[in-house]
Amino acid sequence: MTTREITFRDALNEALQEEMGREEGVFIIGQDIYGGPGGYQGAFKVTKGLAKDFRDRLLDTPMIEQTIVGAAVGAAMTGSRPVAEIMFEDFITLAMDLLVNTAAKTHYMTAGQYCVPIVVRAACGAVGVGPQHSQTWTSWFMHIPGLYVVLPSTPYDAKGLLKTAIRDDNPVLFLEHKKLYNVKGRVPEEEYEIPFGEARVLCPGDDVTVVAIGYMAGLATQVAGTLRDQGLSVEVIDPRTLAPLDLETIFQSVRKTHKVVVVAEDCKTAGPTAEIAALVSEACFEYLDAPVGRVGARDAPIAHNVGMSEYILPDAADIHEAVQRVIAW
Amino acid sequence: MTISEELMLQMYRYMVLGRLFEQSAEQLTHKGLIPGAFHTGIGEEATHVGACLALTHKDYIIPTHRGHVADIIKGADPGRLMAEILGRATGYCGGRGGSVHIADAASNNLGVQAVLSAAYPVAVGAALTQKRANTGRIVLAMFGDGASLMGTFHEALNLSAIWHLPVVWVCVNNQYAMSTSFAEASAIANVADRACAYNMPGHVVDGNDVMAVYETVREARERALAGGGPTLIECKTYRQGGHSTFDTNPYRPQEELDAWSKRDPITQFEQRLRERGILDEKRITQIADGVRQQVDEAEEFALSSPEPPPEAGVEFVFRSSEVE
């Protein structure tokens, strides 16, 4: 397979370009998707250049998150395959009803008469833009039956998972971490998809398992490298999709290492780490040699001030410390 | 536009059917056979019937949680409709949806949005597909006066106008959102007056006049199909019953109830058709008997239908089981 190095942003852009080329019903709806000549082309430039071939499929709307997601649902119910862009994940609260009560329940409520093949893309993660533009929320959405939740951590995964999301007949929440947009990685020239519910082992190891979600997967891999130099073998698993969740890969690893730390950028309380920790405890209790470790943000909004936000958010040092804690148990 | 005698009789028959069907469901609720509450559109039949008869089979509809005759006109079978209301396996949603979530894809019925504000954006999206693919279909979105004061009304009507979407917005103004009267809840007297804010035509219609509703929706449909964009139609009518079967309805002045009951849409239309010589006593009895039989059959079908197996309650969460 021929690969080349591209950014996470370009990987997403390629997936959109290819899927629009593949299927007439795919369109993108949201704010400033195009924005006219000289316009934004996406708040994070993910839709840059798509107007060249698909001008009529970039639908710029006013600031109407509820109606962006709701219109995507109605279009999907009648045969389209829309991709809705919500600029910041924080704003998804405005569209929560349509996502939770309509998108995720329609297939169920109609006994399969209608399906809702939509992808809602949203930028998550803190980059210094204050409490209302910085959140990463995943457990809210894992909690919703009928909704898939995807968080790629590499350009390769971003492209393959977005293509799968667009082709899937179910509603998908696709979270893109702002700090990843400029990160480069190798992506095949050839067409590929990544199935949902298949975790990726980012680095194999025998002493401890680290399940790290989204942007945290990269940090965990760095930490694994540091610890390897100190003689500790860390297995890092990126679930890639939180719904469906590849429990088998996680359980297998835990049965091998007997120790696990779960890491996510969400606030720790009732975050995804709580659910994964509970699932591991239920299924692998007799294999565990230490309590399940958890790393997440402190239970506070994400402050604008750099020092404060660094204090609140989990980082490599927190992961390092949590791993050493379970090892020392 | 002339309305044929045949269509007038159809209008009359559907209004009677709508009323008897909902009275039957109401009684079943009181007997404890229907889980939860049931909401009737009794008194509003002219609006639901007039609007839906203006559509073709291929047009899409988002009905409200009242006026179940809308589903029937669109093509739903009354038996399966009643079965869904009873939560039975043979219902349109296999018992998962109930009265306020009925959808029938075979008749292009997109289903009720029971969180009322969702109807507007979903209608915009459905109309967007029609416009993009140039299908020659419209979307009829129905909503109540209470729902007209929700935020998505503004978002979606504006979007439908700037994109010239083939959608007809029909407000069933039955004067009450539960016990809150529209007069108290709205800063302006007519929902349709809001149309000027979206640069679309707005019409106030007597919602108890089935022919007036039909004609207005029909014209709006033609306008939408010709690329003229959306229209907002407000049908002034009255919810004769309570909000739901739980509501004993003590909050409305007797004079108001009496005044509207004199304007009952079925009685009025019956009188009109008698005067025109289209209906007589014999015909009225014939129609009533036919409708009674249809409703009895629907009820019988529903009551004799099996309960769904409890474990079916976790089916259809996702489209395909391969990835679950």
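As annotated in an unreviewed UniProt entry, chain B carries the name Thiamine pyrophosphate-dependent dehydrogenase E1 component subunit alpha and comes from Caldilineaceae bacterium SB0661_bin_32. Regarding chain B, the UniProt comment filed under Cofactor (unreviewed entry) reads as follows: "thiamine diphosphate".

With an unreviewed UniProt entry as reference, chain A is termed Alpha-ketoacid dehydrogenase subunit beta, source organism Caldilineaceae bacterium SB0661_bin_32. In the Cofactor (unreviewed entry) part of its UniProt record, chain A is described as follows: "thiamine diphosphate".

On to the interface of chain A and chain B, then. One frequently used descriptor of interface size is the decrease in accessible area upon assembly of the parts. In this complex, chain A contributes 42 residues to the contact, which on the side of chain B involves 42 residues. Regarding the contact of chain A and chain B, the summed buried area is about 3400 Å², with carbon and sulfur atoms giving 62% of it. Applying the counting rule to chain A against chain B returns 0 salt bridges. Counting residues per element, the ones that place at least two in the side of chain A that touches chain B are strand S3 (58-60), helix H3 (65-77), helix H4 (96-103) and helix H5 (106-109) of chain A. Partitioning the side of chain A that touches chain B into residue classes produces 20 nonpolar, 16 polar and 6 charged.

Right, let's talk about the sheet that holds strand S14 (residues 293-297) of chain A for a bit. Residue and element names in this part refer to chain A. Spatially, 5 strands are ordered S9-S11-S10-S13-S14 in an open sheet, and the strand pairing comes out mixed. Edge strands, defined here as strands with exactly one partner in the open sheet, are strand S9 (200-203) and S14. This sheet shows a mean twist of 25 degrees between the axes of neighbouring strands, independent of strand direction. Pairing analysis gives 4 bridges linking strand S10 (residues 208-212) to strand S13 (residues 260-267), with the strands arranged parallel. Of the residues in S13, the one forming a bridge with Val210 is Val261. Most of the contacts of helix H8 (residues 215-229) go to strand S11 (residues 234-238), to which it runs at about 170 degrees, and overall it touches S9, S10, S11 and S13. Strands S10, S13 and S14 of the sheet are contacted by helix H10 (residues 272-284), whose axis makes an angle of about 155 degrees with S13.

Cut-offs applied
- Here the residue numbers are simple positions, counted from 1 along each chain's written sequence.
- Both sets of labels track the order of writing: A upward for chains, 1 upward for ligands.
- It should be noted that, the model being predicted, local features are given only for residues of pLDDT at least 70 and side-chain atom pairs only at 80 or more, the latter also being counted only at that level, while totals for whole chains, interfaces and linings use all residues.
- The side-chain quantities take in all heavy atoms of the structure and omit both hydrogens and water.
- UniProt positions are given in the numbering used here, feature names are shortened, and annotations may be inferred rather than shown by experiment.
- Here, residues are in contact when the closest pair of their heavy atoms is within 4.5 Å.
- Accessible-area loss on putting two parts together, using a 1.4 Å probe and summing over both, is the definition of buried area adopted here.
- One side-chain nitrogen of Lys or Arg within 4 Å of one carboxyl oxygen of Asp or Glu is enough to make a salt bridge.
- For helices the rule is a DSSP run of H or I covering at least 4 residues; for strands it is a run of E covering at least 2, with both sets numbered from the N terminus onward.
- Just so you know the grouping, Ala, Val, Leu, Ile, Met, Phe, Trp, Tyr, Cys and Pro go in nonpolar, Asp, Glu, Lys and Arg go in charged, and all remaining residues, Gly too, go in polar.
- For two strands to be treated as a pair, DSSP must find at least two bridges joining them.
- A fitted line through C-alpha atoms represents every axis, and for helices the fit uses only the stretch in contact; the resulting angles, taken between N-to-C directions, go from 0 to 180 degrees.

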